[in-house]
Amino acid sequence: MAPAIAIGVIRRAADMTDIDWTKLVIGMLGGDRREQEIARLAAATGAQVRAHGFPWPEGGIAGVRHLDDSSAVLAGAQFALFPIPGIAASGALFAPAAPAPIMPTRAMLAGMAAPAHIILGIAIHEYEWDRALMLRRTPAIIEGLLRIVIENTAITIHDATVCVIGQGTIGAVLARYLVALGAHTHVAARNPEQRAAAYVAGATPHLLDELPALAHRLDMVFSTVPSRVVGIDILERLRKSALLVDLAAPPGGIDFDAAQRLGLKAIWGRGLGSRAPVTVGASQWGGIRERIEAILRSPR
């Protein structure tokens, strides 16, 4: 019988007992260069750490075993660490450097030690208690986005007319950055409080229903909503020179097939936190460690 799998929640827990990390087996699957730092810090606790599916450095990582078999990584592990961009619609983990897609099957998970726990990337709009972790990652995400914009446009952000769709953690910070850079910044959001906050930050707020009428004025569109909000009704009204960047988790907020048919440049900016893998990896490990400690200290 497969072990019970629990997806934990980050909580501050009182230090009721010491945790013997040397008795823990942690399996890491997928990810990017951020996982190198997470693996290094995890191994520094004394835990047994196995890894597969993220870029492996030439000199290896002290205390971490690099395995070719993803099932062997999880065999006997109490904790499985999956990457922040999470699981695609196909069921595969985010693992651009892996030799083949990594599918966390029932058989693979059944090899873990009971009670087993999976810790994976999560969407901040669903789990508000992870807002602090997302905020620590946001500067690297914004810097990665600015690189995409600079490499894919012939105009400056300053004086450009742009729209941020969604005002969760990333969307709200992005809107403030764009205002500071001198962009004519519009914000589309469902929540009236978020629209009011965008107005106070210097942006022009809109309802989502207003996007089709706004589209013809936009040079750039940034979607942070993980559900389809930028469809054909908006895309067909955009300038051919417009740049669209989707920052949301799968399935994303932009209809990429329609954008391609219309000859628009649309980019899915997944994994932008990897722009600063040491900084972001360390912040993610802080959240992961808190989660592991909370799980181990909670009553069985």
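Residues numbered from 1 in each chain as written. Predicted model: local features only at pLDDT ≥ 70, side-chain atom pairs only at ≥ 80, totals over all residues. Heavy atoms only, no water.

Caption draft 1: Main features of the overall build of the protein. Looking only at helices and strands, the protein has ten helices and twelve strands in total. Relative to its 300 residues, the protein shows a buried fraction of 52%. In the protein, the proportion of contacts linking residues at least 24 apart, taken out of those at least 6 apart, comes to 63%. As displayed, the protein offers around 14,200 Å² of accessible surface, 54% of which is attributable to carbon and sulfur atoms. (Helix = DSSP H or I, 4+ residues; strand = E, 2+ residues; numbered from the N terminus. Buried < 20%, exposed > 50% of the residue type's maximum accessible area, 1.4 Å probe, protein only. Contact = heavy atoms within 4.5 Å. Areas by Shrake-Rupley, 256 points an atom, 1.4 Å probe, with all protein chains shown as cover.)

Caption draft 2: Region of the structure containing the pairing of strand 6 (residues 116–119). Across the two faces of strand 6 the burial is the same, with Ala-116 and Ile-118 and His-117 and Ile-119 all buried. Judged from the three bridges that link them, strand 5 (residues 79–81) and strand 6 form a sheet pairing that is parallel. Considered in strand 6, the bridge of Ala-80 is made with Ile-118. (Pairing = 2+ DSSP bridges.)

Caption draft 3: Just the pairing of strand 3 (residues 48–52), in detail. Along strand 3, four of the five residues are buried, which leaves the element largely enclosed by surrounding structure. As defined by bridge partners, strand 2 (residues 25–29) adjoins strand 3 across five bridges and the pair is classed as parallel. Paired with Ile-26 across the two strands is Val-49, which belongs to strand 3. In the classification by handedness, the crossover that spans strand 2, the intervening helix 1 (residues 34–44) and the parallel strand 3 is right-handed. One ladder, built from three bridges, connects strand 3 with strand 4 (residues 64–66); its direction is parallel. In the strand pairing of strand 4, Ala-51 is matched with His-66. (Right-handed = clockwise from strand over helix to strand, strands pointing away.)

Caption draft 4: Structural detail: the environment of Asp-255. With respect to the helices and strands, Asp-255 occurs in the loop between strand 11 (243–246) and helix 9 (256–261). Overall, the relative accessible area of 19% leaves Asp-255 in the buried class. For the pair Asp-255 and Ile-232, spaced 23 residues apart in sequence, the C-alpha to C-alpha distance is 7.4 Å. With residues near it in sequence (within four places) discarded, Asp-255 still touches Arg-228, Val-230, Gly-231 and Leu-235. There is a polar contact of 3.3 Å between the side chain of Asp-255 and the backbone nitrogen of Asp-257. (Polar contact = N/O pair within 3.5 Å; in protein donor to acceptor, adjacent residues only side chain to side chain.)

Caption draft 5: The sheet that holds strand 8 (residues 184–188), seen in detail. An order of 9-8-7-10-11-12 is seen for the six strands of this open sheet, with the pairing classed as parallel. The open sheet is flanked by strand 9 (204–206) and strand 12 (265–268), the only strands paired with a single partner. Across the sheet, the mean angle separating the axes of adjacent strands is 20° when strand polarity is ignored. Relative to the sheet, helix 5 (residues 169–180) contacts strand 7 (161–165), strand 8 and strand 10 (220–223), its axis offset from that of strand 7 by approximately 165°. (Axes fitted to C-alpha atoms, helices over the stretch in contact; angles between N-to-C directions.)

Caption draft 6: Main features of the side chain of Thr-185. Take Thr-185: it is sitting in strand 8. Overall, the relative accessible area of 4% leaves Thr-185 in the buried class.

Caption draft 7: How the structure looks around the nonpolar core. Leu-174, Leu-178 and Phe-222 are the most contacted members of the largest nonpolar core, which has 24 residues in total. The set of elements that each furnish at least two residues to this core consists of helix 4 (131–152), strand 7, helix 5, strand 10 and strand 11. Per-element tally for this core: the top contributor is helix 4, with six residues. Aside from chain neighbours lying at most four places away, what touches Phe-222 is Leu-145, Val-149, Val-162, Cys-163, Val-164, Ile-165, Leu-174, Leu-178 and Val-245. Among the nonpolar cores identified, the runner-up in size contains 22 residues, and Leu-24, Ile-26, Ile-38 and Val-49 belong to it. (Core = buried A, V, L, I, M, F, W, Y, C linked by side-chain atoms within 4.5 Å.)

Caption draft 8: Region of the structure containing helix 10 (residues 277–297). Given a rise of 1.5 Å per residue, 21 residues ought to cover 30 Å, and the 29 Å separating the end C-alpha atoms of helix 10 matches this to within 8%. Among the 21 residues in helix 10, 15 count as buried, and that is most of the element. (Expected span 1.5 Å × (residues − 1).)

Caption draft 9: Structural context of the environment of Arg-65. With respect to the helices and strands, the residue Arg-65 is situated in strand 4. Along the chain, Arg-65 and Ala-51 lie 14 residues apart, while their C-alpha atoms are 6.2 Å from each other. Here Arg-65 is in contact with Val-49, Arg-50 and Ala-51, once residues within four sequence places are set aside.

Caption draft 10: Region of the structure containing helix 1. Within the span of helix 1, buried status applies to Arg-34, Glu-35, Glu-37, Ile-38, Ala-39, Ala-42 and Ala-43. Looking one or two residues past helix 1, Gly-46 carries a phi angle of roughly 100°, positive in sign.

Caption draft 11: Spotlight on the packing of aromatic side chains. What the rule picks out here adds up to three aromatic pairs. Ring geometry for Phe-54 and Trp-56: centres 5.9 Å apart, planes at 45°, overall tilted. The buried category is assigned to Phe-54, whose relative accessible area is 4%. Both rings, one in Phe-256 and one in Trp-268, keep their centres 5.6 Å apart while their planes meet at 20°; by these two values the pair is stacked. Of this pair, Phe-256 sits in helix 9 while Trp-268 is found in strand 12, placing the two residues twelve residues apart along the sequence. (Phe/Tyr/Trp six-rings, centres within 6.5 Å; stacked < 30°, edge-to-face > 60°.)

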